[in-house]
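# Summary of structural features
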Amino acid sequence: MEYRLLGRSGLKVPELCFGAGTFGANNEFFKAWSETSQEEADRIVGICMDAGLNFFDTADVYSNGSSEEALGKALSHHKREGVLISTKTTFRFGEGPNNTGSSRYHMIQQLHGSLKRLGTDYVDVYHMHAFDAMTPVDETLNTLDKFVREGKVRYIACSNFSGWHLMKSLSVSERYGWARYVGHQVYYSLVGRDYEWELMPLALDQGVGALVWSPLGWGRLTGKIRRGQPLPKDSRLQSKVAHDAGPLPEMEYVYRVVDALDEVAKDTGKTIPQIALNWLLGRPTVSTLVIGARNEEQLKANLAAVGWKLDAEHVKKLDAASELARAYPYWHQTQFTERNPLPV
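Since we're looking at a predicted model, the values are computed, not measured.

### Points about the overall build of the protein
Counting its regular elements, the protein contains 13 helices and 10 strands. For the C-alpha atoms alone, the extent of the protein along its principal axes is close to 55 × 50 × 35 Å. Considering the protein as a whole, with its 344 residues, one finds that 55% of them fall into the buried category. Look at the contacts in the protein between residues 6 or more apart in sequence, and 78% of them connect residues 24 or more apart. Measuring between centres, the 39 positive side-chain charges of the protein sit 1 Å from its 41 negative side-chain charges.

The following block contains the structure:
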């Protein structure tokens with residue numbers, strides 16, 4: 001396991017981060033991924049630690065706090081200074097007009113709740129789970145800066161921001177000398193490359209590391225999704241709630257990418273998920289991939305995505321199969337790469 005700097009910060013994170021969304025699953029959305037018992041969670045965390053994966057990601061809304069509780073219990077068997085914990089807030093957590101968003105009121109309440117559920121007095125990376133257009137950006141960032149100064153948060157990050165959301169936030173932090181976002185948790189995969197159009201160039205320019213969520217394309221790059229075959233019974237895509245909440249690429253496009261992955265798999269002896277993950281690790285700005293696992297076997301298979309590199313010809317084949325027409329103004333900008341070079 002190699003370690004990379006998280007954006008323009010001094011924090012080193014492993015190439016792979018474990019996403020604990022399957023821990024404590026108690027609603028239809030998260031049960032579509034898996035239901036992991038506490039005993040299984042303890043064992044999975046132990047396997048991760050043995051492999052050098054010491055970074056764990058969760059959120060307050062994952063199963064209404066149950067994910068944080070289960071992760072906290074699993075991590076209690078390990079030295080706190082030996083692990084990195086990431087959690088998030090912004091989405092609704094309970095009833096009432098103020099129990100949602102990135103306001104000072106909600107953030108203070110949610111951070112304290114997360115710390116209690118995780119059984120720790122600080123988190124290493126604290127994300128704004130989405131952009132809150134109803135709260136002034138300076139209120140959000142001032143609150144985050146105070147969390148850092150109080151020692152309750154080490155680094156701050158955001159998730160699912162647009163380019164202008166992120167750039168405005170960075171400029172406000174710079175203006176007042178406040179803590180700045182060093183990471184951006186983003187959807188990015190071989191069947192979802194929109195991140196490259198604007199967010200990747202911004203991240204390169206501003207030093208923001210990508211923490212990639214759903215790097216296997218919302219379950220479409222597991223190797224089980226095949227042309228002319230029914231969805232496997234254990235696929236999250238069998239759940240309408242999970243299916244509708246995620247990206248919706250054209251299935252013929254997915255099959256085209258899987259065909260290319262099959263060719264590379266035959267050449268390399270690696271599995272489709274391992275190749276898809278390794279391809280991402282070679283992209284600019286990527287600091288870590290947030291991986292999940294239904295069981296130990298799946299976890300160990302995903303851990304084998306590191307420690308080797310795809311050659312240039314294989315990368316070129318995958319790039320070509322996954323390329324899509326860009327939205328404006330990005331298709332226009334690709335005509336002037338002499339002065340506006342593409343990030344990849």
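### Here we look at the pairing of strand β6 (residues 123-128)
The element β6 is extensively covered by neighbouring structure, given that 6 of its 6 residues are classed as buried. Where strand β5 (residues 84-89) meets β6, 4 bridges bridge the pair, whose relative direction is parallel. Considered in β6, the bridge of Thr87 is made with Tyr126. The pairing of β6 with strand β7 (residues 153-159) spans 5 bridges and is parallel. Within the sheet, the bridge partner assigned to His127 lies in β7 and is Ala157. As for the winding sense of the linkage, the β-α-β connection from β6 through helix α5 (residues 137-150) to β7 is right-handed.

### Focus: the packing of aromatic side chains
The final tally for this structure, using the stated rule, is 12 aromatic pairs. Taking the centre distance of 5.8 Å and the plane angle of 40° together, the rings of Trp197 and Tyr330 count as tilted. Of this pair, Trp197 sits in the loop between β8 (181-187) and α7 (199-206) while Tyr330 sits in helix α13 (residues 330-333), and the two are 133 residues apart along the sequence. When sorted by exposure, Trp197 lands in the same class as Tyr330, which is buried. When the ring of Tyr328 is compared with that of Trp331, the centres are 5.9 Å apart and the planes differ by 55°; the resulting orientation is tilted. A relative accessible area of 61% places Tyr328 in the exposed class. These aromatic residues form a ring-pair network of at least three members: Phe131, Phe161, Trp164 and Tyr181. Sitting over the ring of Tyr122, Arg80 keeps its end group 4.0 Å from the ring centre.

### Observations concerning the pattern of salt bridges
Side-chain pairs of opposite charge can arise where the charged atoms are in close proximity. Throughout the structure, instances matching the rule amount to 17 salt bridges. Residue Lys152 pairs with Glu150 through a salt bridge whose shortest N-O separation is 3.3 Å. Using a relative accessible area of 23% as the deciding quantity, one classes Lys152 as partly exposed. A relative accessible area of 48% means that Glu150 is categorised as partly exposed. Between Glu323 and Arg326 there is a salt bridge, and its shortest N-O distance comes to 3.9 Å. For Arg326, a relative accessible area of 15% puts it in the buried group.

### Focus: the side chain of Asn99
One can find Asn99 in the loop between β5 and α4 (104-118). Judged by relative accessible area, Asn99 falls into the buried class, the value being 16%. Within polar-contact distance, the side chain of Asn99 engages the side chain of Gln109 at 2.9 Å. With near-sequence residues (within four places) excluded, Asn99 lies in contact with Phe91, Arg92, Phe93, Gly94, Tyr105, His106 and Gln109.

### Some words on the packing of helix α9 (residues 251-268) against helix α10 (residues 272-281)
Closest axis-to-axis distance for the α9/α10 pair is 9 Å, and the angle between their directions is 100°. As the angle between them shows, α9 and α10 are arranged roughly perpendicular. Contacts from Val258, Leu261, Asp262, Val264, Ala265 and Thr268 of α9 reach α10 at Ile272, Ile275 and Ala276. Here the residues of the contact of α9 with α10 sort into 7 nonpolar, 1 polar and 1 charged.

### Considerations on helix α11 (residues 296-303)
If you check which residues of α11 are buried, you get Leu299, Asn302 and Leu303. Taken around the axis of α11, the buried residues stretch over an arc of 105°, which confines them to a single face. Contacts from the buried residues of α11 go to β3 (16-19), α2 (38-50), α10 and β10 (286-291). Where α11 begins, the capping side chain belongs to Asn295, and its oxygen is found 3.3 Å from the backbone nitrogen of Glu297.

### Comments concerning helix α3 (residues 66-75)
Within α3, 8 of the 10 residues are buried, leaving the element largely enclosed by the surrounding structure. Taken together, the buried positions of α3 are occupied by Ser66, Ser67, Glu68, Ala70, Leu71, Gly72, Ala74 and Leu75. In the core, the buried residues of α3 are packed alongside α2, β4 (55-57), β5 and α4.

The rules we used
Residues numbered from 1 in each chain as written. Predicted model: local features only at pLDDT ≥ 70, side-chain atom pairs only at ≥ 80, totals over all residues. Heavy atoms only, no water. Helix = DSSP H or I, 4+ residues; strand = E, 2+ residues; numbered from the N terminus. Buried < 20%, exposed > 50% of the residue type's maximum accessible area, 1.4 Å probe, protein only. Contact = heavy atoms within 4.5 Å. Lys, Arg positive; Asp, Glu negative; His and termini not counted. Charge placed at Lys NZ, Arg CZ, Asp CG, Glu CD. Pairing = 2+ DSSP bridges. Right-handed = clockwise from strand over helix to strand, strands pointing away. Phe/Tyr/Trp six-rings, centres within 6.5 Å; stacked < 30°, edge-to-face > 60°. Lys NZ or Arg CZ within 6 Å of the ring centre and 35° of its normal. Salt bridge = Lys/Arg side-chain N within 4 Å of Asp/Glu carboxyl O. Polar contact = N/O pair within 3.5 Å; in protein donor to acceptor, adjacent residues only side chain to side chain. Axes fitted to C-alpha atoms, helices over the stretch in contact; angles between N-to-C directions. Parallel < 35°, antiparallel > 145°, perpendicular 65-115°, else oblique. Nonpolar A, V, L, I, M, F, W, Y, C, P; charged D, E, K, R; others polar. Arc of directions from axis to C-beta.

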